[in-house]
Amino acid sequence: MSGSSANNQRILVGVSGGIAAYKAVVLVRRLIDAGCEVRVVMTEAATRFVTPLTFQAVSGQPVRVTLLDAEAESGMDHIALARWAQRVVIAPATADIMARLAAGMADDLLTTLCLATEAPVQLAPAMNRQMWAHPATQANYARLVERGVTMLGPDAGFQACGETGAGRMMEPEAIAEALLAEDAPGDMAGLDVVVTASGTREPIDPVRFLANRSSGRMGFALAAEASRRGARVTLIAGPSSLATPAGVRRVDVETAAQMQVAVESIESMDLFIGAAAVADYRVARPAEQKLKKSGASLSLDLLPNPDIIAAVAQREPRPFVIGFAAETERLAEHAAAKRQAKGMDLICANEVGAGRGFDTPDNTLLLLWQDGERALPRAAKERLATQILDTYLQIKQDFPHASR
Ligand code: CTP
């Protein structure tokens, strides 16, 4: 685990009332093992899932629940506790606590501490997928992020309620790792980075769509790496089962048109990375009802989709633009032409075909820019992400005013 040595941060762990509260025990344990000082504050509802005694035993410190507790307040009062914390992490963060924090309420100890502290606040949301997707929750999420709250997850996957989807709490080990990664290089601190990832889905009818084999791994790895290096990262993702990387703001979309709207809505952008496999075409008139089979042949009328990355390269002020090219032949030549045509600063080209490039954990890449090229031998996509961002920083350093 990175940064786990010499880690003596003072972390206030807030636990709100969801079934994932039991996982917070593992989180506290990990942080203590790594050398952190941890104090736990629970909401009243959280105590229905796990007892304060459990957290007291794991943290070795008294656990606080209520604000108006005369005895506890005579020890370390809530203002002192808010000052003591170097970070506040709420795991799990339920829809309810997100709403209360977004509204700036101070109706219990935990929300009061969040208002009173100057420490960075991080939330690991955990809730049923419908609750997560609800516009109210999404609005609260956006508001909190805007205010500087960092989000850890949520993940997508099987949920305690028996459903599958986004809203699962990020695993406690991954949360601990994110909190402890203080040895990150930070060479992208202050940059606003936008990454598109995964493939888009273009509906044919309510149950069918046109899609491609992109898994989203490369884009998610880039978002994770940029965030680890200190950038503020927005990940605009087509459907993907991958977990949201720590600290990354994720916007889920389905179609190319939705992806374009999401990209356009972002004002501040220093670096744009188009890693999504955007469908080149959409169905002209998706059927409103499920298409029934008939013996006759069926043809779909397709319209070209807007080119998202080409539009970003026209923006003023213009971000640095990194794109990808998937080619089956004449890699360097086609990629160089694509870079020019779309106005990218750097293109990452890979050969695709059976078992190569798409939906694989590793890849080889050829990076091309105005004044140079770099071949990256086969490596895991996480490693490639590091090398792509190293190349980006190098180009910025060598040609600070580089456009194309
Ligand atoms: N891209 C995009 N919007 C589109 C299509 C592609 O932003 N509508 C971006 C991708 O994210 C990628 C790059 O453009 O960074 C190259 O995509 P690719 O599909 O390889 O290029 P195309 O222009 O579609 O060319 P072709 O399919 O003919 O090779």
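Residues numbered from 1 in each chain as written. Predicted model: local features only at pLDDT ≥ 70, side-chain atom pairs only at ≥ 80, totals over all residues. Heavy atoms only, no water.

Tallied over the full model, the rule gives 22 salt bridges. Residue D187 pairs with R229 through a salt bridge whose shortest N-O separation is 3.7 Å. Here D187, found in the loop between α9 (172-180) and β8 (192-197), pairs with R229, found in the loop between α10 (217-228) and β11 (232-237); they are 42 residues apart in sequence, far enough to count as distant. With a relative accessible area of 39%, D187 lands in the partly exposed category. Among the charged side chains, a salt-bridge network with shared partners connects D187, E225, R228, R229 and D390. (Salt bridge = Lys/Arg side-chain N within 4 Å of Asp/Glu carboxyl O. Helix = DSSP H or I, 4+ residues; strand = E, 2+ residues; numbered from the N terminus. Buried < 20%, exposed > 50% of the residue type's maximum accessible area, 1.4 Å probe, protein only.)

We now examine the domain arrangement of the protein chain. For the protein chain, the domain assignment lists domain 1 (6-181) and domain 2 (192-398). Using only C-alpha atoms to locate each centre, domain 1 and domain 2 end up separated by 33 Å. Taken together, the contact between domain 1 and domain 2 spans 11 residues of the former and eight residues of the latter. Broken down residue by residue, the surface that domain 1 buries against domain 2 is led by Y141, D155 and A156, which jointly contribute 38%. On the surface where domain 1 and domain 2 come into contact, there are zero salt bridges. Counting across the domain 1 and domain 2 interface gives three residue pairs in polar contact (both at pLDDT 80 or more). Of all the elements in the fold, those that place two or more residues in the side of domain 1 that touches domain 2 are α8 (135-146), β5 (150-151) and β6 (155-158). (Domains from an automatic or database assignment. Contact = heavy atoms within 4.5 Å. Buried area = accessible area lost by both parts, 1.4 Å probe. Polar contact = N/O pair within 3.5 Å; in protein donor to acceptor, adjacent residues only side chain to side chain.)

On to the site of the ligand. Surrounding the ligand, one finds 14 residues, the nearest of these being G274, A276, F324, K338 and K342. With respect to the ligand, the backbone of I308 contributes an N or O atom lying 3.0 Å from a nitrogen atom. Take K338: an N or O atom from its side chain is 2.8 Å from an oxygen atom of the ligand. For the shell around the ligand, the secondary-structure elements that each account for two or more residues are α12 (308-312), β16 (320-327) and α13 (331-342). Considering every element that reaches the shell around the ligand, the biggest residue donor is β16, with three residues. The residue makeup of the shell around the ligand, split by class, is eight nonpolar, two polar and four charged. (Near = heavy atom within 4 Å. Nonpolar A, V, L, I, M, F, W, Y, C, P; charged D, E, K, R; others polar.)

Across a regular strand the side chains alternate sides, sitting on one face of the sheet and then on the other. The pairing of strand β18 (residues 362-369) with strand β19 (residues 372-380) spans seven bridges and is antiparallel. Among the inter-strand pairings, L366 is bridged to a residue of β19, identified as A375. Where β18 hands over to β19, the hairpin turn is made up of two residues, counted between the paired strands. (Pairing = 2+ DSSP bridges.)

A separate point is the sheet that holds β19. What the eight strands build is an open sheet, ordered β12-β11-β8-β13-β16-β17-β18-β19; its pairing is mixed. Only two strands of the sheet have a single neighbouring strand rather than two, namely β12 (249-252) and β19. For this sheet, the mean inter-axis angle between neighbouring strands, taken without regard to orientation, is 15 degrees. Of the strand pairs in this sheet, β11 and β12 are connected by four bridges, and their pairing is parallel. Looking at the pairing, A237 lines up with D252 of β12. Helix α14 (residues 381-398) contacts β13 (271-274), β16, β17 (346-351), β18 and β19 of the sheet and is inclined by roughly 160 degrees relative to β19. (Axes fitted to C-alpha atoms, helices over the stretch in contact; angles between N-to-C directions.)

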